[in-house]
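# Per-entry structural report
Okay, here's what each chain looks like letter by letter:
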Amino acid sequence: RAGHPVYFITFAPEPVEGQTLLDVARAQAHFIAEVVRRHPRCGCKPAIIGNCQAGWAVAALASVRGDIMGPIVLNGAPLSYWAGSPKQNPMRYAGGLQGGAWMAAFASDLSGDRFDGAFLVDNFERLNLGNTLWGKYYNLYANVDTERDRFLEFERWWGGYFRMTGEEIVAIVENLFVGNKLARDEVVMEDIPVHLRNITSPIVIFASWGDNITPPQQALDWIIDVWGSEKALVKAGRTI
């Protein structure tokens, strides 16, 4: 509405055979570099927005390719995966109770090296079964004259399918959800270390207590994990 050009990156429902997370990161870097090339008179780097899981991908890329990125905006993006409250965030324990990453690998093997994103959506649905099985339908029919379009639009988006290669989902689970390696500065992708401390772009973070997929602790506590205190952040000339 303000007249600024906006570009979107999304995945096709089916992955390219053999693709890895590093391949995806390189593709994103090429895409952003092309956006910069198309606007030579702009004089500044584009702002990059990462919603939810795209947030950690944007943050990781910003740590190694700050030369092409302006401010980064992270909306409900998990970066500190072990953070949370013992009374509020039961999903944090699922990896331990279910034995780590083997279930993701097993599900991928059963489907010919393809992991169905429906498993992830199902996990999110289980966070609030009262809403999944009752609340959202009650709200629809209680407000049937006004809720129809919003309900259908959300369900089409929420139910859209995406699949990943087995290597992709296992890498995500082992390195991030179970290993918490991003906040611990232990992620290395083909000899390329990923250190969130190296992000020089200003960062804008949105977090909400109403978000039960990425609670505020998981969206914010990486700042403490990486920097220790706001004094170290300021001393390094960073802005969050």
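Scroll up to find the structure.
Residues numbered from 1 in each chain as written. Predicted model: local features only at pLDDT ≥ 70, side-chain atom pairs only at ≥ 80, totals over all residues. Heavy atoms only, no water.

Within the protein chain, the secondary structure is distributed over 11 helices and 7 strands. Relative to the compact-globule value of 18 Å for 240 residues, the protein chain shows a C-alpha radius of gyration of 19 Å, a close match. Counting the 240 residues in the protein chain, one finds 34% classified as buried. A fraction of 69% describes how many contacts in the protein chain between residues 6 or more apart in sequence connect residues 24 or more apart. Summed over all atoms, the accessible surface of the protein chain reaches about 15,000 Å², with 59% contributed by carbon and sulfur. Taking the 22 positively charged and 26 negatively charged side chains of the protein chain as two groups, their mean positions are separated by 8 Å. (Helix = DSSP H or I, 4+ residues; strand = E, 2+ residues; numbered from the N terminus. Rg over C-alpha atoms; globule rule 2.2 N^0.38 Å. Buried < 20%, exposed > 50% of the residue type's maximum accessible area, 1.4 Å probe, protein only. Contact = heavy atoms within 4.5 Å. Areas by Shrake-Rupley, 256 points an atom, 1.4 Å probe, with all protein chains shown as cover. Lys, Arg positive; Asp, Glu negative; His and termini not counted. Charge placed at Lys NZ, Arg CZ, Asp CG, Glu CD.)

With that settled, consider the pairing of strand β1 (residues 48-51). Only one face of β1 is buried: it carries Ile48 and Gly50, and the other face, with Ile49 and Asn51, is open. Two strands pair when backbone bridges link them, and β1 and strand β2 (residues 72-75) are joined in this way by 4 bridges, in the parallel orientation. Paired with Ile49 across the two strands is Val73, which belongs to β2. On the question of chirality, the crossover connecting β1 to the parallel β2 by way of helix α2 (residues 53-64) is right-handed. (Pairing = 2+ DSSP bridges. Right-handed = clockwise from strand over helix to strand, strands pointing away.)

This brings us to helix α4 (residues 102-110). Considered for burial, the residues of α4 that qualify are Ala104, Ala107 and Ser108. All buried residues of α4 fall inside an arc of 100 degrees around its axis, so they share one side. Facing away from the buried side of α4 by over 90 degrees, the exposed positions are Asp109 and Leu110. At its buried positions, α4 is contacted by β3 (114-116), α5 (118-126) and α8 (166-178). (Arc of directions from axis to C-beta.)

Counted as a void, the second largest pocket has a volume near 160 Å³. Every residue lining the second largest pocket is listed: Gln88, Asn89, Pro90, Leu127, Trp209, Gly210, Asp211, Asn212, Pro215, Pro216 and Gln217. In the lining of the second largest pocket, the residues fall into 5 nonpolar, 5 polar and 1 charged. (1 Å grid on protein atoms, 1.4 Å probe; cavity = no way out; pocket = protein on both sides within 12 Å on 5 of 7 lines; lining within 4 Å. Points joined across faces, edges and corners; volume = space filled by probe spheres on them. Nonpolar A, V, L, I, M, F, W, Y, C, P; charged D, E, K, R; others polar.)

Glancing now at the nonpolar core. With 38 residues, the main nonpolar core has Trp56, Met69, Ile72 and Leu182 as its most contacted residues. The set of elements that each furnish at least two residues to this core consists of α1 (21-38), α2, β2, α4, α8 and α10 (222-227). If one sorts the elements of this core by residue count, α2 sits on top with 7 residues. When residues no more than four places from it in sequence are discounted, the contact partners of Leu182 are Trp56, Leu79, Asn175, Leu176, Val187, Val194 and Leu196. (Core = buried A, V, L, I, M, F, W, Y, C linked by side-chain atoms within 4.5 Å.)

For the coordinates displayed, the defined rule picks out 1 cavity of 30 Å³ or more. Within this model, the largest cavity holds a volume of roughly 40 Å³. Around the largest cavity, the lining residues are Leu196, Ile199, Ser201, Ile203, Trp222, Trp227, Leu233, Arg238 and Ile240. Looking at side-chain class alone, the lining of the largest cavity contains 7 nonpolar, 1 polar and 1 charged residues.

Interpretation note: all reported values are geometric properties and have no functional meaning in isolation.
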